[in-house]
Amino acid sequence: MQSATLPTTAPKQVLYRKKRYLVYFLAAVVLLGFPFITIDGTHIFLLSFDHGELHLLGTRFNMQELYLMPFLLILLFVGIFFITTLAGRLWCGWACPQTIFRVIYRDLLQTTIFGLRKKISNKQQPLRLESFADKLKATLAFVIIAFLCLTAAANLMWFFVPPEDFFAYIANPSEHPVLMVFWLGFGIFFIFDIAFIQENFCVYICPYCRVQSVLYDNDTLMPTYNYNRGGFVYDKHGIKIDKKLKFIDPNAECIECEQCVKVCPTHIDIRKGMQLECINCLECVDACTGVMGKLHKPSLVTWTSPTAMEQNQKVRYFRFRTIAYIVVLSIVFVALLVVSTKKEGMLLNINNTSELYKIRTHEVVDNTFRVVFHNTDSIDHEFSIEILNPSVDSDIASKLEIIKPKDPFVVKSGQKRTEMVTIRARENLSKNDRNDSIYPIILRSFALDNKEQIFAKRRTNFTYPSQETIQTYFQKREERNR
Ligand code: SF4
Ligand code: SF4
C-alpha cells in the first residue's frame, strides 16, 4: 500500500452535485421545450402513429418511408453501447428521469423544503412522520411529485402525439381513450415508481442495469474507490473485514466515516468495488471529497477508471472498443444523412383497376390506374403526372397520352388524394395477334412549383389487347346492335 504525504494546501475540490443539478435543469428545459419547436410545421422529433409520420430534425417522413428507422435504432443501440463502455452509467446519474425525479422528491421536496429528512447527505434515514404536520407535509410533497409525474408522462406522449393535438384530445377524453390510457397509465406508474419503488427500479427492474457489466472494461469511467490509498475495507470475497482499518493498516487513509455509504441512494458501499446497483450519481465522490478536503487530501472516491486509479494515470478514453464504436456510429450517421436527403417530397402508389383495358376503336385503347398521390411535404402543392420511357431504347411514351386527369390538382400537405388516371394509346400497339402486348412505362408525378425536387416515379405496365381480342370485341358489339 502506498503511504500518502499530507499536502499543505487543500486540493481543488470537484463537486458534481451542482453540475448534475444544472444538467437536470437543462435536460428538463430541452425535453419540455422540444415538442413545441416546429420548423415549417414539422417537429424536431415526432413519431406520430396517429398521422403515420416521423418528424426528424424538421423533415417529415411518412410511415411508408420508415427506411430511416433501422438507422435510428442502430444509432440508439450502438450509442448506448458506446456511452456505457466510455463512461459507464452516465445516463443513469446525469439524465435519467428516474434519477432526476427521485432527487426532486427525496432531496428537494422531502428533505430541503419540507424537512422530513435531516439532510440529503444521509439517504439511509427513514422519513420522519411523527406529527400531523409531518404527515401533511408528506402528503403535499406527494401531491407535487404526482403532478410533476403526470406532466412528465404528458411530455413523453408529446413525442408521439404533438402538443397541439394532445391538448385538444384530452379536452375530449371519451373520444380518445387510447391516449388517456397511455398517458394516465404511464403517469400513475411513474408516480408509484418515484414514491414507492424508488431506487429498487434501478437495481431490480431497469434492463440497462443488467447489460452494463458486459459493456464495462477496466478503462470505463466510474466512481472508483482508491484502495491503494484508502485501504481494503472488504476482503477478496467481498466480505467486510471485521476490524477497524487503522488496526489492519496504519497508512490507510480512509477514516471510515461512512459518509460515502450514507449518501448512496442505492444503499451500497463503493469501497467494495463497482456494483450493479451503482447509478453513477457521484454522491459518494462528493461526500468523500468533502471529508478528505478537510484533511487537505484528495478524495478517495473519484470518477475515474480502475486502470487509471491503479496506475495513477489519466483515463484512456480512446481504445480499440471506443474507437470501433465511434467508427460504426460515424458510418451509420453518414448513411442516415445520405438516406434522409434522398427523401421523396411525395409518394405515389399505383394499382391497376379490375378492368385491364377498355377498347375504344380498332386502334384506340385505354388503361385506367388507381393512383394515390401523397404529399409528404410540409406545404400544399399542385401536382401533375406524365409518362416516361422505361429505357433509352423505348419510345412508348410518345405513343401514349394521359387523358385523365387533364388538369393539375392540389394535394394538401400530409394528405393523400386518389385519382383514376386514364392512359390512351392512339395507334395500334399490338405486337401479337393472339396475346396481349405489355409495355413497361414509368409514371412520374411532380409538384408544379418544384418539379425537380418534389416528384415520384413508379414503374407500371400499359397493356394493349391482341388483334384477336379487338376483333372479337367488335364482332360481339355488332351482334348486340343487330
Ligand atoms: S456508489 Fe452510490 S452514491 Fe456512489 S455513484 Fe454509485 S449509486 Fe451513487
Ligand atoms: S467518505 Fe471517504 S473517508 Fe469516509 S468512509 Fe468513504 S471513502 Fe472512507
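Scroll up for the structure.
Presented here is a report on the structure given in the accompanying data block.

Procedures and definitions
Residues numbered from 1 in each chain as written. Chains lettered and ligands numbered in written order. Predicted model: local features only at pLDDT ≥ 70, side-chain atom pairs only at ≥ 80, totals over all residues. Heavy atoms only, no water. Buried < 20%, exposed > 50% of the residue type's maximum accessible area, 1.4 Å probe, protein only. Helix = DSSP H or I, 4+ residues; strand = E, 2+ residues; numbered from the N terminus. Arc of directions from axis to C-beta. Contact = heavy atoms within 4.5 Å. Near = heavy atom within 4 Å. Nonpolar A, V, L, I, M, F, W, Y, C, P; charged D, E, K, R; others polar. Core = buried A, V, L, I, M, F, W, Y, C linked by side-chain atoms within 4.5 Å. Disulfide = S-S within 2.5 Å. Salt bridge = Lys/Arg side-chain N within 4 Å of Asp/Glu carboxyl O. Pairing = 2+ DSSP bridges. Axes fitted to C-alpha atoms, helices over the stretch in contact; angles between N-to-C directions.

1. Brief notes about helix 6 (residues 163-171)
In step 1: For helix 6, the set of buried residues is Pro163, Asp165, Phe166 and Tyr169. For helix 6, the angular spread of buried residues about the axis comes to 155°, placing them on one side.
In step 2: Close packing links the buried residues of helix 6 with strand 2 (42-43), helix 5 (132-157) and helix 7 (177-197).

2. Things to note about the site of ligand 2
In step 1: Taken together, Tyr225, Cys254, Ile255, Glu256, Cys257, Glu258, Cys260, Arg271, Cys288 and Met292 make up all the residues around ligand 2.
In step 2: Class assignment for the residues of the shell around ligand 2 results in seven nonpolar, no polar and three charged.

3. Remarks on the nonpolar core
In step 1: Grouped together as the largest cluster of nonpolar side chains are 32 residues, with contacts concentrated most on Phe373, Leu400, Ile423 and Phe462.
In step 2: Excluding residues within four positions of it along the chain, Phe462 makes contact with Val365, Asn367, Leu400, Ile423, Arg424, Ala425, Leu429, Ser437, Ile438, Tyr439 and Ile441.
In step 3: Core analysis: the next-biggest nonpolar cluster, separate from the first, contains 24 residues, Ala87, Leu282, Val291 and Trp303 among them.

4. Topic: the state of the cysteines
In step 1: Enumeration according to the criterion identifies zero disulfides in this entry.
In step 2: Here Cys149 is not cross-linked by a disulfide; its sulfur's nearest cysteine counterpart is in Cys96, at 12 Å.

5. Details of the pattern of salt bridges
In step 1: Throughout the structure, instances matching the rule amount to 26 salt bridges.
In step 2: One salt bridge in this structure joins Arg17 and Glu283, with 2.7 Å as the shortest N-O distance. With Arg17 in helix 1 (residues 17-33) and Glu283 in helix 13 (residues 283-294), the pair connects residues that are 266 residues apart, well separated along the chain.
In step 3: Here Arg444 and Glu386 are joined by a salt bridge, their closest N and O atoms 3.2 Å apart.

6. A short note on the sheet that holds strand 3 (residues 45-48)
In step 1: The antiparallel open sheet is built from three strands, whose spatial order is 3-4-5. Each of the sheet's edge strands pairs with one partner strand only, and the pair in question is strand 3 and strand 5 (59-62). The mean inter-strand angle of the sheet, taken between neighbouring strand axes irrespective of direction, is 15°.
In step 2: Two strands pair when backbone bridges link them, and strand 3 and strand 4 (residues 53-56) are joined in this way by four bridges, in the antiparallel orientation. Residue Leu46 lies in a different strand from strand 4, and its bridge partner there is His55.

7. Here we look at unusual backbone geometry
Leaving glycine aside, a negative phi is the common case for residues, and trans is the common case for peptide bonds.
In step 1: For the peptide bond that leads from Lys404 to Pro405, omega is 0°, which places it in the cis range.
In step 2: Phi at His267 takes a positive value of approximately 60°, unusual for a residue other than glycine.
In step 3: Assignment of secondary structure puts His267 in the loop between helix 12 (259-262) and helix 13.
In step 4: Judged by relative accessible area, which is 51%, His267 ranks as exposed.
In step 5: Backbone geometry at Leu282 places phi at a positive 65°, although glycine is not the residue there.
In step 6: Residue position: Leu282 is located in the loop between helix 12 and helix 13.
In step 7: Among the residues examined, Leu282 registers a relative accessible area of 0% and is labelled buried.

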